[in-house]
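Summary of the model geometry
The lines below spell out each chain.
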Amino acid sequence: MMASPTTWWLLSVFLVTFPYCCCSSPGLPAPPYNLECVKPCDQTHCSVIKCIWDPKPDPDSPIIYTLYWKPETGEEEDVTIRNSSDGFIRRENFQSHGELRVWVQAQNQKGSVKSQEIVIHTQDIIKPPPPTIRLGHQDPLEIHWSTICGELQLSVGLCEVRCRTEEDQNWILYERELSSSYAVIEPRPSVVYEFQVRCQCDPSLISDWSPSYRIRSAESAPVGEVDAWWDCGLLLSNFDCFLNWKNLSISQARGYILGYEVTVLYNNGTVQLINVFTDNSSSLFVYDEMKWRLTSSMKDVSSVNVSAYNALGATKASPLHMPTPAKQANDPKMYLKMNEKNLTVSWNLPFKFSDSVKQYVVQYKEYLPGNRSDWIKVDKNQTTAFFEGAFKKYTSYQVSLFAVSNLNEISQLATARGYSAQGVPSTVPSFEASHIAGTEVTLSWEPVPSSDQRGVILYYQIGVNREKVYNISVTPDHGRKTYKLRDLSPGQEYEVWIRAVTAAGPSEKVTTTFKINNHEDYGMPSSFLIPTVVIPVLFIIIALISCILCVFQGAKKVCPLVSHCLYEKVPDPSNSQIFRQMKHQLSV
C-alpha cells in the first residue's frame, strides 16, 4: 500500500528532528588552556597561590574542574572547583621556595580532559600590591610613591608610570628605570594630569596599576585671542548687533579665567569699558553653553576689543569691527548640506579674492531672533566649514559667510537658508482679488511667514476654476505679493485658490471668489470715444478764449453778441411814461 502525501510529510519532519531530539548530547568538555598561577600579596604577606584558566564557565553546561599540583618531592594533591575558572593552593600545601607542577582537569558526564602542565617557582610568582602614590608637586609637576617590597624582604625593582590629561584620555606610558618618583618635563600650564604606577619587586611579577592620582599643573598667563563675534539682525541694512564670545580653551586659558575686559568704541568717538567677572552674575551679560553675550545692543558702535585675564596676566585684545555688506562684483555662492546632527557649509570664491583676506567666518543661527547660533573662523585658504549639533526639524537656519580683511574689516559675502528636515508649509495667511479692471484681475497675498514655512518655499501655485494652475516665483520673498490674471470672461464668476509648495509637498489651499461685471464698456470703439470726448473739450476752450478777449478789449466793439451775456441791460429814460409826464408838468 502506497503512503499518502500527509504520511510522507510527517515522515520527513520526523527524520529531520529525530537526531536532535533523541540522538544529540554534549560531548567531552573543552580542555582548559592559558593556565597561569601567581602569588598575590597584601601589605604584610603572600599566603596563597591563585591559578586562573580558560574557558570561562558556561552556566548552561556545568563542568567540574579539579586543580592539581605536585611538589618536587611529595605527593600529588588537588582541590575541586565546580563551574569556575580559578582555584587556590593554600599556604600549607606548598613551600615558600620550591617548584610545583600544576594542571587542571575538566569533567562532565561524558568523561574528563586535562590541560597542559606548567612548572612554577613559588618565589618567582610573587605579585606585589600596586604602589601607593603619596605626594605630588605642582611646580615642578612631580609625583612620589612607595611599595611593600621591603616588607616582603625583597629589593625594589623597576616601575612604570602612565599619565593622561582631561583633554586627552589616551594613556602615555613611560618605561624608564623608575623606583619612587616621576617628574613631567615642561607640563602644560593649569592642566589636570592623571597618573597611575605599577612596580615589581626583585624578583617578582609586576603589580597591577595603582588607583589614579590627579594633580593640576601650575598656572601661567593666558595666550591667544578671545574668539568673539557679532549676533546681528537677519538684514544688515537694519540691525541691532549683540556681542558674543566663547570661553578660552584650556590650553589658551592656562589657569582660572577671572574675567573678560570689553572696550567699546562708538561712532562719535566715545569709549566705554565693560568688565565681565566670571564669578559674578549681572544683568549686563548672560552665559550659556560655553558662550558669553552682552545684553546691551551695540547700535552705533564702530568696533570692540575683547581680552581675557587670570591672576598672572591677560590675552592681547582681539579687535572686532562692525560688519558691513560686501561690495564685490561677483558674490560667492554657498552650498549647504544639513541634517539633524551636523551642518556642512562650502563656498566658491572669485579668482584672487583672498589676497586681502585674513580669514573667513561662517555663522549659522535659527531664523527666529534670540535662538541658538554658532560660528567658526577658518583660514583664508579653506572653503569648507563643519558644525556639529542638534538641528531642529522644520526650522529655518540662516547661514552667513563673512570675510575678515588684513585690516580687521568685516564684510558679509553671502547668506543662505537651510533646513535639517523639511515639512509641508502652513497656509497662506491672506489671499484676495485686490483690483478688478475690465477683463483683468490683480490677486494679492501675504507670503507664508518664515516661522511657518517648515521648508524652502519653491514656488506658489494659483489655480483658476479647476482649469488652470500657475506656478509663481517666490522672489522677492518679503512683502505682499501680486499676480495678474488676464483675458477673463465678462459676466462669469471665478473661484481661485493659492498654496505654497516645498520639497515635502504643498500646503492647504486658500480660496477666494470674484465676478467680472457684464455692464462695463470693455470693448468701446475708438471712433466713438474720440468725437464724444474731443468736441465738447474744443467748444469749452473756444468759449473761454472769446470771453477773455472781450474783457480786455471792450465787449461792444469786439463781440457785441457776447455783451448781452456779460453785461446787465440798462433801460433808456426817454422811453419812460413817468419821465414824459414830469417833463410836461414842468413846462406848464
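Keep in mind that what you see is a predicted model, and the values were worked out from it rather than measured.

Let us look at the overall build of the protein. A tally of helices and strands in the protein yields seven helices and 41 strands. Residues counted as buried form 34% of the 588 residues belonging to the protein. A fraction of 61% describes how many contacts in the protein between residues 6 or more apart in sequence connect residues 24 or more apart.

What follows covers the nonpolar core. Generally speaking, nonpolar side chains in soluble globular proteins are found buried as a group. W230, L243, W245, L294 and M298 are the most contacted members of the largest nonpolar core, which totals 31 residues. Looking at which element gives the most residues to this core, the answer is strand β23 (residues 301-310), with four residues. Not counting residues within four places of it along the chain, the set of residues in contact with L243 comprises A228, W229, W230, V262, W292, R293, L294, M298, V304, V306 and L320.

One open sheet accounts for three strands, arranged β27-β28-β31; its pairing is antiparallel. Every interior strand has two partners, whereas the edge strands, β27 (333-338) and β31 (384-388), have only one. Strand after strand, the sheet turns through a mean of 15° between neighbouring axes, direction not considered. Bridge analysis of β27 against strand β28 (residues 342-348) gives six bridges, and the strand direction is antiparallel. Directly across from M338, in β28, lies its bridge partner L343.

Summed over the entire model, instances satisfying the criterion amount to 17 salt bridges. With a closest N to O distance of 2.2 Å, E167 and R188 form a salt bridge. A residue pair is termed long-range when its members are at least 10 positions apart, and E167 in the loop between β12 (155-165) and β13 (172-178) and R188 in the loop between β14 (181-183) and β15 (192-202) qualify at 21 residues. On the basis of relative accessible area, E167 is assigned to the partly exposed category, the value being 42%. Close ionic contact of D227 with K377 constitutes a salt bridge, the shortest N to O distance being 3.2 Å.

Take the state of the cysteines next. Tallying each qualifying case throughout the model produces five disulfides. A disulfide bridge connects C37 with C51, and the sulfur atoms are separated by 2.1 Å. The sign of the 110° torsion about the S-S bond sets the C37-C51 disulfide as right-handed. With C37 in strand β1 (residues 33-40) and C51 in strand β2 (residues 49-54), this residue pair connects regions lying 14 residues apart in the sequence. What makes C37 buried here is its relative accessible area of 7%.

Spatial strand order, β26-β33-β32-β29-β30: five strands in an open sheet with mixed pairing. In this open sheet, the two strands that pair with only one neighbour each are β26 (324-325) and β30 (373-379).

To continue, consider the pairing of strand β10 (residues 132-137). Bridge analysis of β10 against strand β11 (residues 142-146) gives five bridges, and the strand direction is antiparallel. The partner of T132 across the bridge, within β11, is S146. Following β10, the chain reverses through four residues before pairing antiparallel with β11.

On to unusual backbone geometry, then. Across residues other than glycine, the phi torsion is negative in most instances, and most of the peptide bonds are trans. A cis amide bond links D54 to the next residue, P55, at an omega of 0°. One can find P55 in the loop between β2 and β3 (64-71). In the segment running from D202 into P203, the intervening peptide bond is cis, with an omega of 0°. For P203, the location among the structural elements is in the loop between β15 and β16 (213-216). A positive phi angle, near 65°, is found at D300, a position not held by glycine. Inspection of the secondary structure assignment puts D300 in the loop between β22 (291-294) and β23. Phi is positive for N465, close to 50°, though the residue is something other than glycine. Here N465 is to be found in the loop between β36 (459-464) and β37 (468-472).

The next thing to look at is a nonpolar patch on the surface. A cluster of nonpolar residues, L538, I541 and I545, forms a patch on the protein surface that exposes about 280 Å² of accessible area. Counting through the fold element by element, I541 comes out in helix α4 (residues 526-553).

What follows concerns the confidence of the model for the protein. Across the protein, pLDDT averages 82, with 82% of residues at or above 70. Within the protein, helix α1 (residues 5-23) has the poorest average pLDDT of any element, 40, and strand β24 (residues 313-314) the best, 96. Here residues 520-530 scores under 50 on pLDDT; set against residues more than four positions off or in separate chains, the count is eight contacts. For residues 584-588, every residue scores under 50 in pLDDT, and the model assigns this stretch zero contacts once sequence neighbours within four places are set aside.

Below, the discussion takes up the packing of aromatic side chains. Per the counting criterion, the structure on display carries 20 aromatic pairs. Ring geometry for Y182 and F195: centres 6.4 Å apart, planes at 65°, overall edge-to-face. In this pair, Y182 sits in strand β14 while F195 sits in strand β15, placing the two residues 13 residues apart along the sequence. On the basis of relative accessibility, which here comes to 5%, the residue Y182 falls in the buried class. Judged by relative accessible area, which is 1%, F195 ranks as buried. Ring centres of Y193 and F195 lie 6.3 Å apart, and the angle between their planes is 20°; this geometry places the pair in the stacked category. Feature note: the residues W245, Y260, F285, Y287 and W292 constitute an aromatic cluster, connected by ring pairs. Cation over ring: R162 sits above W171, and NZ or CZ is 4.5 Å from the ring centre. Sitting over the face of the ring of Y394, R454 holds its NZ or CZ atom 4.4 Å from the ring centroid.

Definitions and limits used
Residues numbered from 1 in each chain as written. Predicted model: local features only at pLDDT ≥ 70, side-chain atom pairs only at ≥ 80, totals over all residues. Heavy atoms only, no water. Helix = DSSP H or I, 4+ residues; strand = E, 2+ residues; numbered from the N terminus. Buried < 20%, exposed > 50% of the residue type's maximum accessible area, 1.4 Å probe, protein only. Contact = heavy atoms within 4.5 Å. Core = buried A, V, L, I, M, F, W, Y, C linked by side-chain atoms within 4.5 Å. Pairing = 2+ DSSP bridges. Axes fitted to C-alpha atoms, helices over the stretch in contact; angles between N-to-C directions. Salt bridge = Lys/Arg side-chain N within 4 Å of Asp/Glu carboxyl O. Disulfide = S-S within 2.5 Å. Patch = residues over 30% accessible without salt bridge, like charges linked within 9 Å, V, L, I, M, F, W, Y side chains within 5 Å. Areas by Shrake-Rupley, 256 points an atom, 1.4 Å probe, with all protein chains shown as cover. pLDDT = per-residue confidence, 0-100. Phe/Tyr/Trp six-rings, centres within 6.5 Å; stacked < 30°, edge-to-face > 60°. Lys NZ or Arg CZ within 6 Å of the ring centre and 35° of its normal.

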